[in-house]
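One-letter residues, chain by chain:
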Amino acid sequence: MDDDNRVTRRRVADAEARTASRRWWDADADEYQAEHGDFLGDVDFVWCPEGVREANVHLLGALAGRRILEVGCGAAAAARWLATQGARPVAMDLSAGMLRHAAEAAERTGVRVPLVQADALALPFADAAFDTACTAFGAIPFVADSAALMREVFRVLRPGARWVFSVTHPMRWIFLDDPGEGGLRAVHSYFDRRPYVEQDDAGAATYVEQHRTLGDRIRELVGAGFRLVDLVEPEWPQGHEGIWGQWSPLRGRLFPGTAIFVAEKPA
């Protein structure tokens, strides 16, 4: 298979997406932490490459005493920060490699939270077990059936609970993943929901990232039973000159790179 065929847009079933994500993040965990660990911190809750911190925006609401589920936690820096605020977080991820980094960070910092390896489409928790759920770029973009993920999160939340998640802003899918001028020209249809797929010589997916429109996301939330409270589109802050993949000052000052959805389960 030539290089042109290693990257494609095609439908991917849940099983293939799950296998690809687990293998990718297990293999990439060390490199990812080496590249982004300083920005994310060991005990901090950073919502996005724009640098929005929960300590400043309070999207989750009250924290003290709340049982909080971090879905797709990665190295669990956010869950550890939540623990320092008096919350009772549980951090879960599909990737053993990422959870290894979470355990190592717990040793470094002395801030320990329960770590659970699990599939976000089959959360191993009882109904109404949590007061809050959150994720910063975790799980949602990597599952084929994100509507089912919303229903699972709804199930494990108590009435009145808040569900907050950040994802790549859907309009970014119009453009190439280029932080420079090449990333300013629209080349893809916003309405093409086929995922971005990297695959091996045999055509098996090795990395899968899903696209949904803003309307799709809202319908997923409402269909699961949630009420949308807010949609935050962070602006690129002055003085922030860092580049994270396709996020850059050039693009960030022109159009949003992140969408943060704030929803509640009706009381």
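Scroll up a little and you will see the structure.
Now for a quick tour of the structure. Keep in mind that this is a model prediction, so the values were computed, not measured.

## Structural notes on the sheet that holds strand β6 (residues 157–168)
Reasoning step 1: Pairing within the open sheet is mixed, and its 7 strands lie in the order β4-β3-β2-β5-β6-β10-β9. The open sheet has two free edges, formed respectively by β4 (115–117) and β9 (227–232), since each of these has just one partner strand. The average undirected angle you get between the axes of adjacent strands in this sheet is 20°.
Reasoning step 2: Sheet analysis places β6 next to strand β10 (residues 258–264), joined by 7 bridges and oriented antiparallel. Bridging from a neighbouring strand, W163 pairs with A263 of β10.
Reasoning step 3: Lying on the sheet, helix α3 (residues 77–84) is in contact with β2 (67–71), β3 (88–93) and β5 (130–136); it crosses β3 at an angle near 175°.

## Some words on helix α1 (residues 14–40)
Since the α-helix turns once every 3.6 residues, residues separated by three or four places project in the same direction.
Reasoning step 1: End to end, α1 covers just 29 Å across 27 residues, shorter than the expected 39 Å (1.5 Å per residue, more than 12% under).
Reasoning step 2: Next to the buried residues of α1 lie α3, α4 (96–109) and β8 (205–209).

## Comments concerning the nonpolar core
Reasoning step 1: The biggest cluster of nonpolar side chains holds 30 residues, and the ones touching the most others in it are L69, L149 and W163.
Reasoning step 2: Elements supplying a minimum of two residues to this core: β2, β3, β5, α5 (146–156), β6, α6 (214–224) and β10.

## Some words on the side chain of E264
Reasoning step 1: Inspection of the secondary structure puts E264 in strand β10.
Reasoning step 2: A distance of 2.7 Å separates a polar atom in the side chain of E264 from a polar atom in the side chain of R227.
Reasoning step 3: Among residues more than four places away in sequence, those in contact with E264 are A161, R162, F226, R227 and V229.

## A word on the packing of aromatic side chains
Reasoning step 1: Taken as a whole, this structure holds 16 aromatic pairs when the rule is applied.
Reasoning step 2: Aromatic side chains F45 and W81 sit 6.3 Å apart centroid to centroid with 90° between the ring planes, which places their arrangement in the edge-to-face category. Here W81 lies in helix α3 and F45 lies in the loop between α1 and α2 (54–57), a separation of 36 residues in the sequence. For the pair shown, F45 and W81 are each scored as buried.
Reasoning step 3: Relative to F165, the ring of W163 has its centre 5.2 Å away and its plane inclined at 40°; by these criteria the two rings are tilted. Each member of the pair, W163 together with F165, is buried.
Reasoning step 4: Grouping aromatic residues by their ring pairs yields a cluster made of W24, W25, Y32, F39, F142, Y196, Y207 and W244.

## Remarks on the packing of α1 against α4
Reasoning step 1: The geometry of α1 relative to α4 is characterised by a closest axis approach of 6 Å and an angle of 40° between their N-to-C directions. Relative to α4, α1 is oriented oblique. Residue-level contacts link W25, D26, A29, D30, Y32 and Q33 of α1 to A96, G97, M98, R100 and H101 of α4.
Reasoning step 2: Residue composition of the contact of α1 with α4, by class: 5 nonpolar, 3 polar and 3 charged.

## Description of the state of the cysteines
Reasoning step 1: Summed over the entire model, instances satisfying the criterion amount to 0 disulfides.
Reasoning step 2: In this structure C48 is a free cysteine whose sulfur lies 14 Å from that of C134, the closest cysteine sulfur available.
Reasoning step 3: The exposure class assigned to C48 is buried, which follows from its relative accessible area of 3%.
Reasoning step 4: The thiol of C134 is unpaired, and the distance to the nearest cysteine sulfur, on C73, comes to 9.9 Å.
Reasoning step 5: When its relative accessible area of 0% is taken as the criterion, C134 is described as buried.

## Some words on the pairing of β6
Reasoning step 1: Most of β6 is tucked away: 9 of the 12 residues are buried.
Reasoning step 2: For β5 and β6, the ladder comprises 6 bridges, and the chain directions are parallel. Bridge assignment links T132 to a residue of β6, and that residue is R162.
Reasoning step 3: Between the parallel elements β5 and β6, the chain passes through α5 in a crossover that is right-handed.

## Regarding the sheet that holds β8
Reasoning step 1: Taken in spatial order, the 3 strands of this open sheet run β1-β7-β8, and their pairing is antiparallel. Two strands close off the open sheet at either side, each with one partner strand: β1 (7–9) and β8. Looking at each pair of strands side by side, their axes are set apart by 25° on average, direction ignored.
Reasoning step 2: The pairing of β1 with strand β7 (residues 196–199) spans 3 bridges and is antiparallel. Bridging from a neighbouring strand, V7 pairs with E198 of β7.
Reasoning step 3: Along the sheet, α1 makes contact with β7 and β8, crossing β8 at roughly 100°.

What counts and how
- Residues numbered from 1 in each chain as written.
- Predicted model: local features only at pLDDT ≥ 70, side-chain atom pairs only at ≥ 80, totals over all residues.
- Heavy atoms only, no water.
- Pairing = 2+ DSSP bridges.
- Helix = DSSP H or I, 4+ residues; strand = E, 2+ residues; numbered from the N terminus.
- Axes fitted to C-alpha atoms, helices over the stretch in contact; angles between N-to-C directions.
- Contact = heavy atoms within 4.5 Å.
- Expected span 1.5 Å × (residues − 1).
- Core = buried A, V, L, I, M, F, W, Y, C linked by side-chain atoms within 4.5 Å.
- Buried < 20%, exposed > 50% of the residue type's maximum accessible area, 1.4 Å probe, protein only.
- Polar contact = N/O pair within 3.5 Å; in protein donor to acceptor, adjacent residues only side chain to side chain.
- Phe/Tyr/Trp six-rings, centres within 6.5 Å; stacked < 30°, edge-to-face > 60°.
- Parallel < 35°, antiparallel > 145°, perpendicular 65-115°, else oblique.
- Nonpolar A, V, L, I, M, F, W, Y, C, P; charged D, E, K, R; others polar.
- Disulfide = S-S within 2.5 Å.
- Right-handed = clockwise from strand over helix to strand, strands pointing away.

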